[in-house]
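If you want the building blocks of each chain, they are given just below.
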Amino acid sequence: MKIGLFGGTFDPLHIGHLVAARLAKEAMQLDRVIFIPAGIPPHKIGQDITPSEKRLQMVVLAVGYEPDFAVSDWEILQEEPTYTVDTLEFFASQFPDEELYFIMGADMLCDLPNWQGPQRILELARIVGMKRPGFVLDECHGKLLELFADAVDRIHYVEMPGLEISSTWLRDRLQQKRSVDYLIPERVIRFIEENGLYDGRTDS
Ligand code: ATP
Ligand code: MG
């Protein structure tokens, strides 16, 4: 089996995430994709983040009914901040016989050399880089080639239509009470409204 792992803050989840997961699955012929909301992402410590439980619920509401998508609460249950390499060690131990594919947007992929244990990450999983507006993959690919010459066949790129949206932009709209229709799944919008998740936030 080929299993896709898709980590993120998902604050909130939006259609960019869903399209990325769907197209990565199709392109790499994955059997399923597991969404993994982050607990305390190391690069977001100190920022105002929606409680993990609420972010988890948004992901469950969005993908819970999709037979080939699943959600893992492993990262949010960890007490220490987790790095991708830790998460991959965990999933590799859970699925020793499966091939793991870690899906990420181009912005994250370009930053891979700065992550904890990039070599180990590439041993544990293949990387699937999704095109994201504003990030030219050709440029970072050169850098990745240099650094990870032996593992470069484990980095894959998938074309996706440019969906120039981010959670940051959506938080901003939500705070301003502007429409996020069609950009966030309807049941997630309802959950955000019912829980007042982005009311009065000033961090975006
Ligand atoms: P924020 O603005 O808070 O950083 P985000 O929109 O980047 O939010 P994350 O939860 O940080 O969302 O992203 C999870 C993963 O999804 C990352 O690998 C990111 O690169 C990818 N991703 C997010 N939005 C898009 C998009 N519009 N197109 C392609 N990939 C995306
Ligand atoms: Mg991001």
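For the structure itself, look to the data block above.
Each chain has its residues counted from 1, running along the sequence as written. By the order in which they are written, chains take letters starting at A while ligands take numbers starting at 1. Whole-chain, interface and lining totals are the exception, using all residues; otherwise, since this is a predicted model, local features are given only for residues with pLDDT of at least 70 and side-chain atom pairs are given and counted only at 80 or more. Side-chain measures here rest on the full set of heavy atoms in the structure, leaving out hydrogens and waters.

Participant: Looking at this structure, I do not really get the sheet that holds strand S2 (residues 32-37). What am I missing?
Facilitator: Pairing between the strands of a sheet comes from backbone hydrogen bonds, and it takes one of two forms, parallel or antiparallel. When DSSP finds two or more bridges between two strands, those strands count as paired. Secondary structure elements are defined from DSSP: runs of H or I of at least 4 residues count as helices, runs of E of at least 2 residues count as strands, and each element is numbered from the N terminus. Ordered by their spatial adjacency, 6 strands build an open sheet running S3-S2-S1-S4-S5-S6, and the pairing between neighbours is parallel. At either margin of the open sheet sits one strand with a lone partner, and together these are strand S3 (69-71) and strand S6 (155-158). Averaged over all pairs of adjacent strands, the angle between their axes in this sheet comes to 25°, without regard to strand direction. In this structure, strand S4 (residues 99-105) lies alongside strand S5 (residues 126-130), joined through 5 bridges in parallel fashion. Bridge pairing in S5 places phenylalanine 102 opposite isoleucine 127. Axes here refer to lines fitted to C-alpha atoms; in helices the fit is confined to the stretch in contact. Angles between the N-to-C directions go from 0 to 180 degrees.

Participant: Whenever I open this one, the site of ligand 1 confuses me. Can you help?
Facilitator: Gly105, Asp107, Leu163, Ser167 and Thr168 are the nearest of the 22 residues found near ligand 1. Polar contact is the term for a pair of N or O atoms within 3.5 Å; when the atoms are in protein, one must be able to donate a hydrogen and the other to accept it, and sequence-neighboring residues count only if both atoms are side-chain atoms. The separation between an oxygen atom of ligand 1 and a polar main-chain atom of glycine 105 is 2.9 Å. Leucine 163 is positioned such that a nitrogen or oxygen atom in its backbone is 2.9 Å from a nitrogen atom of ligand 1. Within the complex, 93% of the 600 Å² of free accessible area of ligand 1 lies under protein. In this count, Pro and Cys sit with the nonpolar residues alongside Ala, Val, Leu, Ile, Met, Phe, Trp and Tyr, while Asp, Glu, Lys and Arg are called charged and the others, Gly among them, polar. Of the residues that constitute the shell around ligand 1, the class distribution is 7 nonpolar, 10 polar and 5 charged. For this purpose, a residue is taken to be near a molecule or strand whenever a single non-hydrogen atom of the residue falls within 4 Å of it. Residue exposure ignores everything except the shown protein chains as possible cover, and the areas themselves are Shrake-Rupley values with a 1.4 Å probe.

Participant: Sorry if this is basic, but what is going on with helix H1 (residues 15-28) here?
Facilitator: For an α-helix, the turn length of 3.6 residues means that residues three or four places apart are oriented alike. Residue count minus one, scaled by 1.5 Å, sets the expected span of a helix. Along its 14 residues, H1 runs 20 Å from first to last C-alpha, staying within 8% of the 20 Å computed at 1.5 Å per residue. When H1 is considered as a whole, its buried residues turn out to be Gly16, His17, Leu18, Ala20, Ala21, Ala24, Lys25 and Met28. Downstream of H1 by a residue or two, glutamine 29 has a phi angle that is positive, lying close to 55°. Accessible area is worked out with a 1.4 Å probe on protein chains only. A residue is then buried under 20% of its type maximum, exposed over 50%, and partly exposed in between.

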